[in-house]
Structure formats: C-alpha cells, structure tokens
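Structural overview for review
Okay, here's what each chain looks like letter by letter:
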Amino acid sequence: MDSKFNNGFKTVAVFVQMVCLIIVIVVTALMVNLFGRSRLSFRDIGSDYSFFHSYHFAEEISGEIKTLTLFLQMKELDPDYTKYKQYRLRYDGGESNLYYWLLRDGAIVSNMPEEAADTKEGAKAFAEKMGSYLYYNDETVHLDGDLARIGAAQTVDFLRLFQNREEGELYIAVDVSLSKKDAIADAAEVYETYFPWIGMGLIVAVLSFLCFLLVMIYLTLAAGRNEKDDRIHLHRIDYLPTEILFLFLCFFIFGLIAFCVRLGGKDWGISSALILTGTLVFLSDAVILTLYLSFVRKIKAEQFMSCSLTVYTVHTLKACMQRQDIARRTKIQFGAYGLLVAFFVWEAFAGRHVWAAAALFFLFAYLSAQFLQQAVWRKKILEGVRQISHGTVDYQLNSREFGGDYRELAEEINGIGEGLMHAVEENTKNERLKTELVTNVSHDIKTPLTSIINYVSLIKMEGSWNENVENYVGILEKKSQRLKQLTEDLVEVSQITTGNIMLDMQPINMVELIYQTGGEFNELFEEAGLTVITRLPKEPVMVLADGSRVWRVVQNLYNNVAKYAMRDTRVFVELKVNDGYGEFSIKDISAQEIQKSAKDLSGRFVRGDESRQTEGSGLGLSIAENLTKLMGGTFEIALDGDLFTVSITFPVINP
Amino acid sequence: MNRILVCDDDREIVEAIEIYLQQEGYEVIRAYDGAEALDILKKQAVDLLIIDVMMPKLDGIRATLKIREESSIPIIILSAKSEDSDKILGLNIGADDYLTKPFNPLELVARVKSQIRRYTKLGNAAESSHAVYQAGGLVINDDLKEVTVDDEPVKMTPIEYNILLLLMKNQGKVFSISQIYESIWNADAIGADNTVAVHIRHIREKIEINPREPRYIKVVWGIGYKIDKV
C-alpha cells in the first residue's frame, strides 16, 4: 500500500515519459539530419558565430570553390556532359551568388557583368562590391571580406586551374547579400533557422533523457501496484501468453525499423521529418511501453514463465505422463528415446550430419547422467528405508532432493516413518500415563495402608488377648506387610518397564557386588537351609552398569531362591567371562514343581506355584529382567525339571 | 519433656503417631496442613517436626522451605513417594530425615529419638581428642574403644570395631572388600568371600535404625563400602 502508486501519478508519469522520449528522439533526429547531412558543422557547436563566420560556411564555400574549379576546367573543353550543362546553367546562367574572373594565358573567362569583366580593375571593383572575394596571381592568394576569416587552406582547390600555365589571375567573389537562391543561400537559411537552437536543444534532450530514465524507473516500480493494497494487480493484457506478447513486440520492432529505413531513404524536409519522427515515436512508445509494463507486472507476479505457452504445454505433457502408471510411462519414455536415438543414428551415419552425431553424444551423456542420478536416489532411499526399519522412525528423507517417481517414493517412505513415529509416540504416551496412574494409585493406597499397619501394631502392643485373636492379628500384620511390598513393587515395575527411571552408569566390579550380596543374604540362606556354592574369578570383572540397580536385580534373584528353593539343597552362584561378556548365573532346585514355562516366569504377577499364597508380589523376576535389559544386559531363565537357572550377562569393559 | 509437631492431612495417621510418641514420653501437637504447622511453629516452641508431603493448602516441601528460612529444628519428612528423586529432593531442601509410608512406627520413634538427641546435644560437640571420630550421631572413641550412636553405647566384636574404625577414619572414601580384608586381617585377600560383607551387615544391624536404609555405612554396589562425611 503506497500512495506513490496511485493512478493519477501513473498517468502523469506516462505522459511525462512520452513527452521526454519524443523530445529526445526528435532532437536526436534533428541532429542526425543537420550534422549527418552536413547541414551544420560539429565545430560550430558552442560558438555564436554568424553564418559567414562559421566553420559551416567555410565548408560550404570550399565545396563551392571545388565545384567552380571543376566547371572552369570543363569550360575550356566545352563538353556535352549533363553535369557540365547543369554547372553552366548555375554559374553562367546567373543562379549563383558566386562570381569568377579568370585570366589565363591572356584570355579572360568570367560571369561578371561585361563592363566589369573586361579589365582587371573592373573585376576587382565588382568583387569588392560583392563584399567578399578571393584573388590569386601566380604567387599569392589574397582573401578579402568574410573569406579572409576562413583561411587560405580551405580554398586551394582552384590551384589546379593554373597547372602547366605561364601565368594567370583569378577573382572569385561571393555576393554576401545572397541575392540569388543557390546552395549557399540555402545553407545560410538553415544555419540561421536552426543553429541558435542547437545548444539549447542538446541540453533539453539530455535533461529529457534523464527525466525519461527516472520516470521509467518509477513506472517499473509502480507497475502492477496501486495505493489500496500490497498485491500485484494484473491487467487483462497480462493474461495473454508471454510468447505471444514477446512475438508481437519483436514483430512491431522489426516493422518499425523496416518502416524507418524505408522513410529514411527519401529526402524529407527537416520540419516534415521532425513531425513524422514525433508521430512515430508517440505511436511506438505507446505500444512498447504497454508491452514493457506488462512484462514487468508479469515478472512481479511471478507469472512470466508460468503464464507462457511453453510452460503450459510442458506442464500439460507432464501431467499427462503423471497420470499414466509407472510401467506405461517407462514404456513411453523408452519408445521416445528409442525413436530419438534411431533418428540421430540415421542422420549421423546415413546423412553424415555432424549435428546428429553431437546430438547423439549429448543424448547419451544425458541418459548416463540420469542413470547415475537415479542410482544416487536409489541409494538414499535405501538408506532411509534401512534407517526406519532399524528403528529410527523419525528419519526423514528430503524429498526435494529427488525427482520424478523417486520423489513420490521418498514422500511415501516419509509417510510410513511418520506413521510409525506417531504410533510409537502414542504408545510411549500411553505407557507413561499407565505408569502415572499406577504411581498415583499406589500413593493413594499407601496412606490408608499406613494407618492399617500402625493400628495393627498398636493392637499388638495392647497384648493379653486370647490365642485366636493373636493369630488373627498376626495374619493382619503379615498381609499388610505384603500389601506394602506389592504396592512398592508395582510402582517400581511400571517405572522400569516404561524406562521411566534414571540410570547412574558406572564401571562396577561384579565380583565385589556378588560378595556384597552374599553377605546380605548369608543368614537368610542359612535359615532356609541352603548351602551356597560360589565360583567367582579371582580378578575383578568390570562392567558398565548402575550398581544399585544391579543390586536390585541380584537381590531379587537371591530372594527368589530363598523363597522357592528346596530346603537342604545347594545353590550355585557362578560368574564367568566368555568372549568379552561377564555371565552371572544362579542355580537352585525348586521346592515345588514349576508349572510355567521359562518364558512365562519373568512375566508380571507370575509365580511358579500359581497359588499366590506365598509371600512376594510375583514381580521380582519381571523387575530383574527389565532392569537388566535397561542397562544393556541380557536376562535368561532356564528350566530343566526342578533345576531353575537364571543367568544375566553384561559386556565386560577394560578397567 | 520434648514437644513434637506432627503434621499430616490424614487424622488417623497423626493419632497413631501421637500414641507411639506419647508412650515414649513426648508431648505431641497436631496439625493437618502445612499452613497450620507454620502457625503453630510461630506461636510455640517445638523440638521436632514430622511432616507429610502431599497435603492441602501448603505441601510439606514448601512448608519445610519456609521453616528453614528461620528455624533449624529437626524435620522428618513422611511421604508416600518412595522414589530416590523424592528422597533426594526432601533432604536437599533441609529435611533431616526422610521416611516413606507405610512406615514401621517403631522405626519412626527411633528416628525421632535420634534426631532429638542430636539436636539437644548440638553445641557441645565431642571432645576434640584426636582419637575420637564422629559422623552425625555415630561417634567412635579409639582411646576407650567405645562406639556410641546418639549417645547410646553399642557393643561390637573386635573385627567389627576395626572395620568401623577404618571407615570412620577415612570418611567419604570407598573401601573394596579386599582392601578392608587386607587392612584388618593383614593378609592377602586371595580367598576373599562373604566374610567382610557379613561383618558389615552385622555392624549395620547394630548402628542403624533400619539396616535396609542405612544412614552411616553406605553400600556402593560393585565397588565397596563407605561412611559419608556429615
């Protein structure tokens, strides 16, 4: 939105640019006319000489003297030339302002009046009366009047008259009143009419040209804009295809040039030439400016290429090709290239045309480039598919790098990736919500549970109940403790399975950790009647893990053994290093027959005996497995009859 | 008689805690949200505060922060939130202890006792003898070969005593099982086994209120044992 661009300003601008252009062209044409046809001399520009003082006069008079000399040379022979007859009519027929008096070898030739021509004195007097004359007598050239100013060098052509002559004298006089209508008189008239305007005309032309440029810049900026909004407004003409406008412009310019050349061939008078020029400039400016502004608007609206027949045709062809299925499209392409190759081969070998060979070469180069390009695209797409299939679901191909079917392929692959990503995100979100729910619910359970535990404890402190009540209270206490364990395990397992915990990964010594754990469980195992056989390497086994979480894992496994192993059996705890992996295993003999498969045992809430009467939440193995996997380890349960084996492995790091 | 402020929005829990504490001879004041606790603290002198985290009006964390602006009384946070991050947060903002619900009432009483003893003893710190080492309420006097926890003497076997002394002398330093073995038994730890770990557990059972959540002897799993500087 810019008030500079309102229609009033634009109209004025168009008008101003037209006037300026007309001035520039007309002045230029005038200059060309005047100087190009020797109607004026460049050397006079900037002076304020009168005609007889001007360089132009000097040029004119020397031309006249040359012609006169030619005439006088011819006159001796008196030939029957048309040209001679014209000259004789001009000089001797009294049409010229030039008078001569030539004395050669005693004979006088003159066009002065007879009484003046008879004697030398008479001729001199007549020449002086005319106002400006030239006198030559063998040795000296005397210039008098206006001729004196132009210098002898301009007039020496007449010396030819005296070649191989004994003696001679010559008077050439110019009638400065220009009483006859001859070439000099014409020149004087033109000079006096136009010369005073030349200087100003040039200045005006230069200023007009600058003005024209400024206005053109304004018009270029203003094209398509108005004061109401910021959009580009197109004119009806702008919707014509670019090529048509361009062709029209070309034809118009060629026509104009041809027309001008034709007109220029004729000898127009100055004023009519100027009027004609002005009219032509006006008309052609109107047309060219219209087309120019239309192009500017189109470029601004980014329609220059799109609103063109070529682009439209290419688009239509492309769309047509796109509609075909890939197989048919490939067939068409193959057919087209085949025909093209056949044609070029024919032309190159049968017709022996070099261009066909070159075209064949370029076609080959083009197809090779396309082949290579497609190989690159294939590679990128393969990479993208591989990334997505390996779990990088947010991997995105830049579809702009691809062309044709490959672009579509890339976009579809991105779509697959996005779909997967959304599914994963949705899943993660659901899992997190579940965890939050579990956490919140267990917090809510814990509060009343606290009261239950506290008051059960208070009941016990009251003491002196009968045996039954004491039994009941004991059951209450046990079950409330179990409930507490359950809620805590529940929170833990839900956090671990969703990966919602922070791990503090550090190099730890598995041997140390097993000893530490052994110390914690020493008495518990003794109570359960279990003998632990520990086989550990002497040197440290370093792994990268979160120590307290590994303790949780091992603690759960030991607890499991303490709970379910058969009394008076041996428990085997082993740590081995195989191929860069440290494998910890614990083996025990189950007290009861395990009815579940090994795989099911690490599921949540699963216990071997199915009865759920024993203590524990059934989450121990699930917690252990998930924690191990979170830290990058493996977790395996093996079941061979009643032999129950759990082994976990971690990659060993070098200390 | 020490006065204890118990603050929890669950009235039954407050009541139960009150019963336990009164049996031990403490005077109990009740509050049911953080704002009320702050009011009471302004009006009365209180020796210890037990505060729940999730409460209406003003929660335990914010209340603790406000109290710490002007008072240094012992604060025990009582919370259903059992994650490590919650415990760390509670202890970082100025609580002296953190107990998760559901808690063992006897453990709570023990912790209250420990905190009050330390608080009332504050100022007359242990004699500056070079043979006395202290970490919080745990004091070991090497001249008398005596170990006390919150002024209560603890009986120890010579090996347990030596292990504890080693850790107390080097507070903050982590000792591996073989290091401990070598310095206590003065022998190479070739046939190292559970021995050290078992001793450590015995020490913990003697000096800790809840051996599963030790305050003094910390297990650095897979690396060793240490006693933190307090």
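Residues numbered from 1 in each chain as written. Chains lettered and ligands numbered in written order. Predicted model: local features only at pLDDT ≥ 70, side-chain atom pairs only at ≥ 80, totals over all residues.

1. Points about the overall build of chain A
- Looking only at helices and strands, chain A has 18 helices and 12 strands in total.
- A burial count over chain A gives 24% of its 655 residues as buried.
- Restricting to contacts in chain A with at least 6 residues of sequence separation, those with at least 24 account for 70%. (Helix = DSSP H or I, 4+ residues; strand = E, 2+ residues; numbered from the N terminus. Buried ≥ 20, exposed ≤ 12 C-beta atoms within 10 Å, placed from the backbone. Contact = placed C-beta atoms within 7 Å.)

2. So, the overall build of chain B
- Assigned secondary structure in chain B consists of 8 helices and 11 strands.
- Across the 230 residues in chain B, those meeting the buried criterion constitute 39%.
- Partitioning the intrachain contacts of chain B with sequence separation of at least 6 by distance along the chain shows that 55% fall at a separation of at least 24.

3. Quick notes on helix α10 (residues 309-323) of chain A
- Helix length check: α10 of chain A (15 residues) gives 21 Å between terminal C-alpha atoms against 21 Å at 1.5 Å per residue, within 8%.
- With 0 of its 15 residues buried, α10 of chain A lies for the most part at the surface. (Expected span 1.5 Å × (residues − 1).)

4. Notes on the interface of chain A and chain B
- Each partner contributes to the interface: chain A provides 29 residues, whereas chain B provides 28 residues.
- Elements with a contribution of two residues or more to the side of chain A that touches chain B: α13 (404-462), α14 (467-497), β6 (506-509), α15 (510-527) and α16 (547-564) of chain A.
- Per element, the largest residue contribution to the side of chain A that touches chain B is 11 residues, and it comes from α13 of chain A.
- Split into classes, the residues belonging to the side of chain A that touches chain B amount to 11 nonpolar, 13 polar and 5 charged. (Nonpolar A, V, L, I, M, F, W, Y, C, P; charged D, E, K, R; others polar.)

5. A few points about helix α1 (residues 7-36) of chain A
- Between its first and last C-alpha atoms α1 of chain A spans 42 Å; for 30 residues at 1.5 Å apiece the expected length is 44 Å, and the two agree.
- Of the surrounding secondary structure, the elements contacted by the buried residues of α1 of chain A are α7 (183-222) and α9 (270-300) of chain A.

6. Thoughts on the packing of helix α2 (residues 55-77) of chain A against helix α3 (residues 82-91) of chain A
Residues and elements named next belong to chain A.
- Put simply, α2 and α3 touch, their axes get as near as 10 Å, and they point 110° apart. Taken together, α2 and α3 sit at an angle that is classed as roughly perpendicular. Seen along the crossing, α2 lies across α3 with a hand that is left-handed. Between α2, through Thr67, Leu68, Phe71 and Met74, and α3, the contact on the second element is made entirely by Tyr84, Tyr87 and Tyr91. (Axes fitted to C-alpha atoms, helices over the stretch in contact; angles between N-to-C directions. Parallel < 35°, antiparallel > 145°, perpendicular 65-115°, else oblique. Left-handed = near helix turned anticlockwise from the far one by under 90°.)

7. Considering the sheet that holds strand β7 (residues 138-141) of chain B
All names here are of chain B.
- Read from one edge of the open sheet, 4 strands run β6-β7-β8-β9, paired in antiparallel fashion. Of all the strands in the sheet, the pair left with one neighbour each is β6 (132-135) and β9 (152-154). Strand-to-strand, the axes of this sheet are offset by a mean angle of 25°, without reference to chain direction.
- As paired elements, strand β8 (residues 146-149) and β9 share 3 bridges and run antiparallel to each other. (Pairing = 2+ DSSP bridges.)

8. Examining the packing of α2 of chain A against α7 of chain A
Residue and element names in this part refer to chain A.
- Here α2 crosses α7 at 165°, and the two axes come no closer than 10 Å. Put simply, α2 runs roughly antiparallel to α7. At the point where α2 passes α7, the crossing takes the right-handed sense. For the pair α2 and α7, contact is made by His56, Glu60 and Glu64 and by Ala183, Ile184, Ala187 and Tyr191, respectively.
- Grouping the amino acids of the contact of α2 with α7 by side-chain chemistry returns 4 nonpolar, 1 polar and 2 charged.

9. Some details on the sheet that holds strand β11 (residues 634-640) of chain A
All names here are of chain A.
- The sheet built from 5 strands is open, its strands ordered β7-β9-β10-β12-β11 with mixed pairing. Because the sheet does not close on itself, it has two edges, and the strands there are β7 (531-535) and β11. Adjacent strand axes in the sheet meet at a mean angle of 15°, parallel and antiparallel pairs treated alike.
- Looking at chain direction, strand β10 (residues 581-589) and strand β12 (residues 643-651) are connected through 9 bridges and run antiparallel. For Tyr581, the partnering residue across the bridge sits in β12 and is Pro651.
- Set on the sheet, α15 makes contact with β7, β9 (570-578) and β10; between it and β9 the angle comes to about 175°.

10. Some points on the pairing of β11 of chain A
All names here are of chain A.
- Taken together, the 7 bridges between β11 and β12 define a ladder with antiparallel strand orientation. When the sheet's bridge partners are listed, Thr634 is paired in β12 with Thr649.
- Connecting the antiparallel pair β11 and β12 is a turn made up of 2 residues, with Gly641 showing a positive phi of about 65°.

11. So, unusual backbone geometry
- Each neighbour pair has its own omega, and for Lys101 of chain B with Pro102 of chain B the value is -10°, a cis peptide bond.
- If you trace the backbone, Pro102 of chain B turns up in the loop between β5 (97-100) and α5 (105-121).
- Its identity is not glycine, yet Arg352 of chain A carries a phi of approximately 55°, on the positive side.
- Along the chain, the position of Arg352 of chain A falls in the loop between α11 (326-350) and α12 (354-389).

12. Some words on the pairing of strand β1 (residues 98-104) of chain A
All names here are of chain A.
- A large share of β1 lies buried, amounting to 5 of its 7 residues.
- Where β1 and strand β5 (residues 168-175) come together, 7 bridges link them in antiparallel fashion. Paired with Leu98 across the strands is Val174, a residue of β5.
- Here β1 pairs with strand β2 (residues 107-110) via 4 bridges, running antiparallel. Bridged to Leu102 within β2 is Val109.

13. Thoughts on the environment of Phe361 of chain A
- Position of Phe361 of chain A among the secondary structure elements: in helix α12.
- Taking the C-beta count within 10 Å as the criterion, Phe361 of chain A has 12 such neighbours and is therefore assigned exposed.

14. Remarks on the nonpolar core
- By size, the foremost hydrophobic cluster in this structure holds 61 residues, and its most contacted members are Met510, Leu513, Val550 and Leu557 of chain A together with Leu164 and Leu167 of chain B.
- At 8 residues, the largest contribution of residues to this core is made by α16 of chain A.
- Core analysis: the next-biggest nonpolar cluster, separate from the first, contains 50 residues, Phe71, Trp101, Leu147 and Phe158 of chain A among them. (Core = buried A, V, L, I, M, F, W, Y, C linked by C-beta atoms within 7 Å.)

15. Structural notes on the environment of Ala107 of chain A
- The residue Ala107 of chain A is located in strand β2 in this model.
- Counting along the chain gives 61 residues from Ala107 of chain A to Gly168 of chain A, while the straight-line C-alpha distance between them is 9.1 Å.

16. Remarks on the confidence of the model for chain A
All names here are of chain A.
- When pLDDT is averaged across chain A, the result is 84; 95% of the residues are at 70 or more.
- No element of chain A has a lower mean pLDDT than helix α17 (residues 598-601), which averages 70, and none a higher one than β10, which averages 93.
- Within the model, the stretch residues 609-614 combines pLDDT values under 50 with 6 contacts to residues more than four positions away or in other chains. (pLDDT = per-residue confidence, 0-100.)

17. Some points on the environment of Ser176 of chain B
- When you line up the elements, Ser176 of chain B lands in the loop between α6 (158-169) and α7 (177-185).
- For Ser176 of chain B, a count of 22 C-beta atoms within 10 Å puts it in the buried group.
- Each C-alpha atom, one on Ser176 of chain B and one on Val220 of chain B, is 9.1 Å from the other, the two residues being 44 residues apart in sequence.
- Beyond its immediate sequence surroundings of up to four residues, Ser176 of chain B is in contact with Glu512 of chain A together with Ile223 and Gly224 of chain B.

18. Details of the confidence of the model for chain B
- Summarising the model, chain B shows a mean pLDDT of 87, and 93% of its residues fall at 70 or more.
- Interface confidence for the predicted complex, given as ipTM, is 0.82, next to a pTM of 0.54.

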